[in-house]
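# Architecture at a glance
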Amino acid sequence: MKNQKPAPITLNPQDGQYLSVVGDTYRILITGKETGGDFATIDMLIPPGGGPGPHAHANFQETFYVVDGEIEVKSEAGTYIAKKGAYVVIPKGGIVHCFKNKSDKQAHLLCTVIPSGLEELFFEIGKPVATGEFMPPPPMDPESIKKLIAIAEKHGQKVYPPDYLD
């Protein structure tokens, strides 16, 4: 009788689905469907000026490893400049947070969410793009904002106004 252990999951350097999300390019490396809901991992390229606005999620934690560049991480607890090699953990509980690339160079982040689910939000709001392609952020008129808030809430997120943490 053979031992039926799961095999390792491997991706080649260009594998994964690439999505434009709020002007950033996210490569979905592994989804909750592949990990039994345990986690998802997203490779994020954040252009100068990019990054999501203030948001919160009470039921999952999110980690960011800065592969290259730097981002400003803001939360209700303060501001932190995360440079290459930095690691940031947004714990469960719903603290409002955001990050922004305030530099003139692209930032590269590796994000893991535990449990999975955030990637489903990205699939719903993102637009497929080619490797390394960036699209401008979508317009944020009142109707678009209302739609984004509804989709975010469906995926366990709460969205706040852009100046919420100022």
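The structure we're discussing is the one just above.
Residues numbered from 1 in each chain as written. Predicted model: local features only at pLDDT ≥ 70, side-chain atom pairs only at ≥ 80, totals over all residues. Heavy atoms only, no water.

Our next topic: the overall build of the protein chain. Scanning the protein chain from terminus to terminus reveals three helices and 12 strands. In the protein chain, which comprises 166 residues, the share counted as buried stands at 40%. Of the accessible surface of the protein chain, which amounts to about 9500 Å², a share of 57% is contributed by carbon and sulfur atoms. (Helix = DSSP H or I, 4+ residues; strand = E, 2+ residues; numbered from the N terminus. Buried < 20%, exposed > 50% of the residue type's maximum accessible area, 1.4 Å probe, protein only. Areas by Shrake-Rupley, 256 points an atom, 1.4 Å probe, with all protein chains shown as cover.)

This part covers the sheet that holds strand β3 (residues 40-46). Strand order in this open sheet of seven strands is β8-β5-β10-β3-β2-β1-β11, and the pairing throughout is antiparallel. Looking at which strands have only one partner, the edges of the open sheet turn out to be β8 (87-90) and β11 (127-128). As paired strands, strand β5 (residues 61-68) and β8 are joined by four bridges and run antiparallel to one another. Within β8, the position partnered with Phe64 by the bridge is Val88. (Pairing = 2+ DSSP bridges.)

Before going further, it helps to spend a moment on the side chain of His57. Residue position: His57 is located in the loop between β4 (55-56) and β5. Given a relative accessible area of 1%, His57 falls into the buried group. In this structure the side chain of His57 is engaged in a polar contact, spanning 3.3 Å, whose partner is the backbone oxygen of Phe60. At 2.9 Å, the side chain of His57 and the side chain of Glu62 are in polar contact. (Polar contact = N/O pair within 3.5 Å; in protein donor to acceptor, adjacent residues only side chain to side chain.)

Moving on, we come to the nonpolar core. Ranked by size, the top nonpolar core spans 26 residues in total, and within it Tyr26, Met44, Phe64, Ile71, Phe99, Leu109 and Phe122 carry the most contacts. Of all the elements in the fold, those that place two or more residues in this core are β1 (17-21), β2 (24-30), β3, β5, β6 (70-75), β8, β10 (107-114) and α2 (118-125). In contact with Phe122, other than residues within four places in its own chain, are Leu19, Val21, Tyr26, Ile28, Ile42 and Met44. Core analysis: the next-biggest nonpolar cluster, separate from the first, contains five residues, Ala56, Val96, Cys98 and Tyr160 among them. (Core = buried A, V, L, I, M, F, W, Y, C linked by side-chain atoms within 4.5 Å. Contact = heavy atoms within 4.5 Å.)

Let's shift gears to the environment of Tyr164. Here Tyr164 lies in the segment after β12 (158-159). Between the C-alpha atom of Tyr164 and that of Ser103, which follows or precedes it by 61 residues, the distance is 21 Å.

Before going further, it helps to spend a moment on helix α3 (residues 142-154). Compared with the 18 Å implied by 1.5 Å per residue over 13 residues, the 19 Å span of α3 between its first and last C-alpha is a close match. With its phi angle positive at about 80°, Gly156 sits one or two positions after the end of α3. (Expected span 1.5 Å × (residues − 1).)

Each aromatic ring pair is specified by the distance between its two centres and by the angle formed by the two planes. In the structure shown here, the tally under the stated rule is three aromatic pairs. When the centroid spacing of 4.5 Å and the interplanar angle of 40° are considered together, the rings of Tyr160 and Tyr164 count as tilted. What makes Tyr160 buried here is its relative accessible area of 19%. In this structure Tyr164 comes out as partly exposed when scored by relative accessible area, which is 39%. (Phe/Tyr/Trp six-rings, centres within 6.5 Å; stacked < 30°, edge-to-face > 60°.)

With that settled, the discussion passes to the environment of Leu109. Mapping Leu109 onto the fold places it in strand β10. The buried category is assigned to Leu109, whose relative accessible area is 0%. With 20 residues separating them along the chain, Leu109 and Val89 place their C-alpha atoms 13 Å apart.

Tracing the chain through its elements places Thr112 in strand β10. Judged by its relative accessible area of 18%, Thr112 is buried. At 3.4 Å, the side chain of Thr112 and the side chain of Thr41 are in polar contact.

On inspection of all chains with the given rule, the structure shows four salt bridges. Lys102 is paired through a salt bridge with Glu72; the nearest N and O atoms lie 3.3 Å apart. One end of the pair, Lys102, is in the loop between β9 (97-100) and β10; the other, Glu72, is in strand β6, and 30 residues separate them in sequence. According to the relative accessible area criterion, Glu72 is buried, its value standing at 14%. (Salt bridge = Lys/Arg side-chain N within 4 Å of Asp/Glu carboxyl O.)

In short, the description is geometric, and any link to function would need to be established separately.
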